[in-house]
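Analysis of the macromolecular model
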Amino acid sequence: MHSSSCARAEFRIKLKNKEKQHRAKEGANARPLGNPCSIAGEPVMTTVMVLTIIGVAVVLVFDYTNGLQDAANMLATIIASRATTPIQAAVLVSFFTFLGPILGGTAVANTIGNFVDVTDLQELSSLTIVLSGLAGAIGWNLITWWFGLPASSSQALVGGLIGAVLMGAGPDHVVWGLAELGEHRLTGVVKVVAALLFSPFVGFAVGWIIHRIMRFTLRGAKPSANRPLRWIQWFTTAALAFSHGTNDAQKGMGVIAMLLVLGGITTEFYVPVWVILASSTAITLGTLAGGWRIVRTLGFGIYKVRPIHALDAQLTSASVILAASSFGGPVSTTQVVSTAIMGIGASERPRAVRWRRAREIIGAWLITIPGSSLLSIGFYALQHAIL
């Protein structure tokens, strides 16, 4: 009896020793990877998860401010031409903005999510850099929104991410795309900047041409023709809202997909369905909250908008944005709508265009990327000091 008890006790001791050795071996092997089971790795893993969650929330806030800054541009012309009430316009725009990213693919999200590459950095460092870029973009959006300037949320996002990556990782972590350009391929920063740079000029030119065609077509029309023009705006505004969702909402989707990879949630870059729905909802809520300062600027501050001008502006903007989205080119709804209105005004009465206000808008565009870059650098320095 005594010998049997001793044998069992001896067996239990050996089993516990093996378990301890096994746990120690697992801990030693996992520690370099930051295993949450190891004491040294647990705070790091927890911080990574928290930063990933915060990052997703910050992107959704950016989408919301994008709604305040950009989506209001879709309300401007249809309200200014009195085709709908503000409430009707908001519901129409919100519904089709929501449908845009669901049905419009993820080409723009792929472009935005891959023009910087910080996947080779430590998780904490890469997440801190992306969060700093987002903070810079949101800060710039809020500053320009407060002063009623229709600056580009797209440029703010690009500038914010570039500034943070340059500060935290160096220029070799930005996918510039210069080598690919020599091979006649657009990618990286070159693709992003090309789309942002040329789309306003295309918007101006297409607006000028479309308005000329419309004026020729309706040259003998009576004032009663304004009624069907207002009715048609329901369709052209829906097309503009859909194109906006297809392009602008995807920018946030691309950044969230990047964060999920950096945080270890996904192993490859792709956009989950819940990300599409979350980004669509955030930008739609921003639209409903309203951007009435910008509505006044675009609807009345550039050129006096009548039904024919509104229809032409919506048709022009929707066409340009959808064309850019088809090859993954991120563009600014603000820039395209603004320059479309300028082109329409210039084709009719150039002297009636309020070029002074237009110059203020262009000036805001020119400082957006440098301004958001500086803000993101400041936020990175702050986060780096705290973490």
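Residues numbered from 1 in each chain as written. Predicted model: local features only at pLDDT ≥ 70, side-chain atom pairs only at ≥ 80, totals over all residues. Heavy atoms only, no water.

Evaluated as defined, the whole model comprises three salt bridges. Its salt-bridge partner being D248, residue K251 comes within 3.2 Å of it at the nearest N-O pair. Of this pair, K251 and D248 both sit in helix α10 (residues 226-262), three residues apart, which is roughly one turn of the helix. Grouping residues by exposure puts K251 and D248 together as buried. (Salt bridge = Lys/Arg side-chain N within 4 Å of Asp/Glu carboxyl O. Helix = DSSP H or I, 4+ residues; strand = E, 2+ residues; numbered from the N terminus. Buried < 20%, exposed > 50% of the residue type's maximum accessible area, 1.4 Å probe, protein only.)

Another aspect to go through is the environment of V130. Take V130: it is sitting in helix α6 (residues 123-146). On the basis of relative accessible area, V130 is assigned to the buried category, the value being 2%. Along the backbone, V130 and L262 are 132 residues apart, and their C-alpha atoms lie at a distance of 9.6 Å. Sequence-distant contacts of V130, that is, excluding residues within four places in its chain, are made with V118, L161, V255, M258, L259 and L262. (Contact = heavy atoms within 4.5 Å.)

Take the confidence of the model for the protein chain next. Mean pLDDT over the protein chain works out to 82, with 82% of the residues at or above the 70 mark. Contacts for the low-pLDDT stretch residues 1-16, under 50 throughout, to residues beyond four places or in other chains number zero contacts. Confidence over residues 25-44 falls short of pLDDT 50; this stretch has 10 contacts with residues more than four positions distant or in other chains. (pLDDT = per-residue confidence, 0-100.)

Tracing the backbone shows N247 in helix α10. The exposure class assigned to N247 is buried, which follows from its relative accessible area of 0%. Of the polar contacts made by the side chain of N247, one reaches the backbone nitrogen of V331; its length is 3.1 Å. Residues in contact with N247, not counting those within four places in the same chain, are V108, I321, A324, S325, G329, P330 and V331. (Polar contact = N/O pair within 3.5 Å; in protein donor to acceptor, adjacent residues only side chain to side chain.)

The end-to-end C-alpha distance of α6, which contains 24 residues, comes to 34 Å, matching closely the 34 Å that a straight helix rising 1.5 Å per residue would cover. Most of α6 sits out of view: 17 of its 24 residues are buried. In the stretch just after α6, G148 is the one whose phi turns positive, near 75°. (Expected span 1.5 Å × (residues − 1).)

Okay, unusual backbone geometry next. Despite not being glycine, R82 shows a phi value in the positive range, around 60°. Here R82 is to be found in the loop between α3 (73-80) and α4 (86-103). In this model, H184 sits at a positive phi of 65°, which is unusual for a non-glycine residue. Structurally, H184 can be placed in the loop between α8 (178-182) and α9 (188-217).

Structurally, the position occupied by L311 is in helix α13 (residues 307-326). Separated by 234 residues in sequence, L311 and T77 place their C-alpha atoms 8.0 Å apart. Non-local contacts of L311, meaning those with residues more than four positions away in its chain, are made with M214, L229, I232, Q233 and T236.

In this fold, T246 is placed in helix α10. Look at T246 and you get buried, because its relative accessible area is 4%. Beyond its immediate sequence surroundings of up to four residues, T246 is in contact with G100, P101, G104, V108, L322 and S325.

Attention now moves to the packing of aromatic side chains. Per the stated rule, a full pass over the model turns up two aromatic pairs. Ring centres 5.1 Å apart and planes at 90° place the aromatic pair F95 and F96 in the edge-to-face group. For the ring pair W231 and F235, a centre distance of 5.2 Å and an interplane angle of 70° mean the geometry is edge-to-face. Residue W231 and its partner F235 are both found in helix α10; the two are separated by four residues, about one turn of the helix. We note that W231, like F235, is exposed. Note that R219 overlies the ring of F216, its terminal NZ or CZ placed 4.2 Å from the centroid. (Phe/Tyr/Trp six-rings, centres within 6.5 Å; stacked < 30°, edge-to-face > 60°. Lys NZ or Arg CZ within 6 Å of the ring centre and 35° of its normal.)

One can describe the packing of helix α7 (residues 153-168) onto α10 by two numbers: an axis separation of 10 Å at closest approach and a directional angle of 20°. Considering their axes alone, α7 and α10 lie roughly parallel with respect to each other. Seen from above, α7 lies across α10 with left-handed handedness. Contacts between α7 and α10 pair S154, L157 and L161 from the former with D248, K251 and V255 from the latter. (Axes fitted to C-alpha atoms, helices over the stretch in contact; angles between N-to-C directions. Parallel < 35°, antiparallel > 145°, perpendicular 65-115°, else oblique. Left-handed = near helix turned anticlockwise from the far one by under 90°.)

Now for the nonpolar core. F115, V130, L134, L157 and V255 are the most contacted members of the largest nonpolar core, which totals 46 residues. Counting residues per element, the ones that place at least two in this core are α2 (41-71), α5 (107-112), α6, α7, α9, α10, α11 (273-289) and α15 (355-386). The next biggest cluster of nonpolar side chains, apart from the first, holds 18 residues, and it includes I78, V93, A324 and V331. (Core = buried A, V, L, I, M, F, W, Y, C linked by side-chain atoms within 4.5 Å.)

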